[in-house]
Amino acid sequence: MWDDAFPSFLIGLREGLEAGLIVSVLVATLVRAGAKSRLPQVWTGVLGAIALSLSFGAVLTFTAASLSATAQEAFGGTLSVIAVAFVTAMVFWMRRSARNLSGEIREKVTSALAMGTGMLIVTSFLAVGREGLETALFLWTTARAAGESAGPMIGAGIGLVIAAGLCWGLYRRVLKINLTKFFTATGIVLIVIAAGVLGYGLRDLQEGGVLPGKTAFAFDLSQTIDAGSWYGTLVQGVFNLTPSMTWLQVVSYAGYLAVVMTLFVRGVRGTRPAKAEAKTEAKTEAGQAGSAVEEKETDGAAEKAPRRRPAWLIPAAVVAVPAVAAGAVVAFSGSKPAGAQTVAVSEKECGKGFTAPQPGRQTFQMHNTGDKASEVYLVDPATNAVYGEIEGLAPGTTRDLVATVGSGEYAWRCVPTGGKAVTSAPVRVSGGGNVKAVKPVSEEDLAGPLKAYKDYVGKGLATLTDQTGKLSDDIQKGDLDAARTDWLTAHRTYSSLGAAYGTFQDFDKKINGRTAGLPDGVRDKDFTGFHRVEYGLWHGESADDLRGPAQQLQQDTQGLQKAFPTQDFDPSDLPLRTHEILENTLQFELTGDADQGSGTTLATADANLAGTRELLDVLRPLIAARGPQLLTTVNGDIDRVQKLLDAAHHDTAWTPVDKLDATGRARLNGATGQLLEDLAPIPDLLEIRKSA
């Protein structure tokens, strides 16, 4: 988050300081002119500019949210390029204008005073509004690039607060800052950041189909560079450089940086002969606002015009109008997309309103006209391949379904809860290219992998009962050193069967339950199984204390082995386990929450990874037929996590997770998180979909 915050901190600091300097000079000029009674007009313009900036940010956010996925990429990419143009113009303008800023503003204020109330509001509104709009646009693009808003918002907030403090110090003549040097230094850093934003924006335009070269990669280091490591996060957050970049991104990044940085640095050098003049003007800039407050001020000199309207009316209008306008734009953008078809979903009216759409990315408004919640799929009626889907569409509700349409036949399949699947009449689309759909998966397709996996679990349970028997014998003999070794062996075996835990019913809680939810914690009578024995072995309990828990563990594993062949295993659970095993690993093992003293949660994580690999092996043919590139990515992720776990394994000992150095722990968490992200599509890819 803090890596994502830095670019926004810098833009908040610069833009905040620019806007603050403008306001300071406006206020100082009015005070010097004996027109303090006109200060509310300045603050009205400032508040209006703030409202406009916030409203602009809302319009960007909600407008993008209402677009299709491809349109969002094109929209975001376009705004990123515009933001780069604004930032580039801003750094050059401030480099050139920093020394003369106060004189220009005083001249404008003097003219505004002569023209009346409205012009003073407009002057302050335009002066601050420009900075606010630039800030809103740049923050929106950096938040989009980061994939989250907390970091950029916090960074911008800190920058604005510091800028406000600096402006106050300058106004009160507490601080002196060489503004030319300040804006030059921050300008250089912003040019580097803007180059990254440009590269990210162009990638969005490629993803949105606006620019070519989407698959023309200049390099792809995703298999060798850990994107989740601290250095990977830092580089991506600050510079927007990613492990894989297209030729367009690389050439644009390097070209922008070379051209703009050269012009900027040359311009800075061109100002050096006027060093004495710059120094004088910088001092004037730093002290201009503050000098005004030392003079004697007289309010009565200015003659007040009679008020013909309430004092609050103009400020309220200036602040409210941008917000109302933004609301109208958001409401309009959230309305039905142009050309979108409204298609009925129900047993009786499935597909009603559906006509042959135009090729390309299309949005369909799916309206449930029945009395049951329903799933709905856009399918190829000949092969049942799925182009798009919505699950859990409630009666009377409407949701958008976005799909890419090419040449071929299309139909809607409505599957009401507890009802019969219905398929609409097909329509034919011509003139488009080939569009890849998700090949459907049936229970029959999963029958083979399910049998293979149940055989694997059955053999694992036979091994487990032998291992827990040996563990119990060790404790019966009082050999606690052997018991610690055999405990880890048995627990790793059980953990490698994690994909089947959904069928273990109550046995899993007995065998591998934790203390969460138990009133008496480790002393609770219901705390049993591996973790109960672990606690005793590594907390100095005697063999007599552990004989009962060890025997109970042995009996429970024997009971599980006997019950497993008769337990139901839903075939649809099999793809889910590819993601859920390591999801629990990240939550419990890699945080150390599951540790009861042995310090071996990384050994458990290693066993969980082995279980995930076994599960992927039985599902490999089904995944390969639907997403061959996905397997390549996942295999690379698994190898990366395995390498990090192996580094924590030393002969028979494992490094406790809380003893890992900060870098090693961050790498492991990042690699596991990346693996989870890449495993996430598998359940959808192999989802069993009901056919007509």
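In the sheet, strand β5 (residues 374-379) pairs with strand β6 (residues 386-393) via five bridges, with the strands oriented antiparallel. Bridge pairing in β6 places tyrosine 377 opposite glutamate 389. The loop that links β5 with its antiparallel partner β6 comprises six residues; one of these, asparagine 384, has a positive phi angle of about 65 degrees.

Even without being glycine, asparagine 384 reaches a positive phi, approximately 65 degrees. Note that asparagine 384 resides in the loop between β5 and β6. Given the relative accessible area of 26%, asparagine 384 is considered partly exposed. Backbone geometry at aspartate 651 places phi at a positive 55 degrees, although glycine is not the residue there. Along the chain, aspartate 651 falls in the loop between β11 (649-650) and β12 (653-654). For aspartate 651, a relative accessible area of 74% gives the class exposed.

Moving on, we come to the sheet that holds strand β4 (residues 360-368). Read from one edge to the other, the open sheet built from three strands follows the order β3-β4-β7, with strand pairing classed as mixed. Of all strands in the sheet, those with a lone pairing partner are β3 (341-345) and β7 (398-405), marking the two edges. Strand after strand, the sheet turns through a mean of 35 degrees between neighbouring axes, direction not considered. Here β4 runs beside β7; their pairing, made up of eight bridges, is antiparallel. Bridge pairing in β7 places glutamine 362 opposite alanine 403.

Of all residues in the chain, 71% have pLDDT values of 70 or greater, and the mean over the chain is 78. Taken as a whole, residues 273-307 scores under 50 in pLDDT and shows 44 contacts with residues more than four places along the chain or in a different chain.

A few words on the pattern of salt bridges. Taken as a whole, this structure holds 15 salt bridges when the rule is applied. Taking the shortest distance from any N to any O, the salt bridge between aspartate 455 and lysine 451 comes out at 3.3 Å. One end of the pair, aspartate 455, and the other, lysine 451, are both in helix α12 (residues 443-477), four residues apart, so they sit about a helical turn from each other. Residue aspartate 455 is classed as partly exposed on the basis of its relative accessible area, which comes to 37%. Note on lysine 451: relative accessible area 55%, which makes it exposed. With a closest N to O distance of 3.5 Å, aspartate 526 and lysine 525 form a salt bridge. Given a relative accessible area of 45%, aspartate 526 falls into the partly exposed group. Note on lysine 525: relative accessible area 71%, which makes it exposed. One salt-bridge network, held together by shared partners, links Arg523, Arg532 and Glu541.

Now for the packing of helix α17 (residues 573-589) against helix α20 (residues 662-679). For the pair α17 and α20, interaxial distance at closest approach is 9 Å and the crossing angle is 155 degrees. Our classification of the angle between α17 and α20 gives roughly antiparallel. α17 and α20 meet at a crossing whose hand is left-handed. Of the residues in α20, those touching α17 at Thr578, His579, Leu582, Glu583 and Leu586 are Asn669, Thr672, Leu675, Leu676 and Leu679. Grouping the amino acids of the contact of α17 with α20 by side-chain chemistry returns five nonpolar, four polar and one charged.

Moving on, we get to the packing of aromatic side chains. With the rule as written, the count across this model stands at 10 aromatic pairs. Their ring planes at 80 degrees and their centres at 5.3 Å tell us that phenylalanine 364 and tryptophan 412 sit as a pair that is edge-to-face. Here tryptophan 412 lies in strand β8 (residues 408-416) and phenylalanine 364 lies in strand β4, a separation of 48 residues in the sequence. Grouping residues by exposure puts phenylalanine 364 and tryptophan 412 together as buried.

Rules of the game
Each residue is numbered by its place in its chain's sequence as written, counting from 1. pLDDT decides what is reported in this predicted model: residues at 70 or higher carry local features, side-chain atom pairs at 80 or more are listed and counted, and totals for whole chains, interfaces and linings draw on all residues regardless. With hydrogens and water stripped out, all remaining heavy atoms of the structure feed into the side-chain values. DSSP-based pairing: two strands are paired if at least 2 bridges between them are found. Strands are runs of DSSP state E lasting at least two residues, helices are runs of H or I lasting at least four, and both sets are numbered from the N terminus onward. Buried means the residue's accessible area, taken with a 1.4 Å probe over protein chains only, is under 20% of the maximum for its type, while exposed means over 50%, and partly exposed covers the values in between. Structural elements are reduced to axes, namely lines fitted to C-alpha atoms, with helices fitted over the stretch in contact, and the angle between N-to-C directions of any two is expressed from 0 to 180 degrees. pLDDT gives the predictor's per-residue confidence on a scale running from 0 to 100. We call two residues contacting when some pair of their heavy atoms lies within 4.5 Å. Salt bridges are counted wherever a side-chain nitrogen of Lys or Arg sits within 4 Å of a carboxyl oxygen of Asp or Glu. In what follows, roughly perpendicular refers to angles from 65 to 115 degrees, roughly parallel to angles under 35, roughly antiparallel to angles over 145, and oblique to any angle outside these ranges. In this scheme the crossing of two helices becomes right-handed for a clockwise turn of the near helix relative to the far one and left-handed for an anticlockwise turn of less than a right angle. Under the scheme applied here, ten amino acids are nonpolar (Ala, Val, Leu, Ile, Met, Phe, Trp, Tyr, Cys and Pro), four are charged (Asp, Glu, Lys and Arg), and all others, including Gly, are polar. In this analysis, rings of Phe, Tyr and Trp, with Trp reduced to its six-membered ring, are considered paired at centre separations within 6.5 Å, and the interplanar angle assigns stacked below 30 degrees, edge-to-face beyond 60, and tilted for intermediate values.

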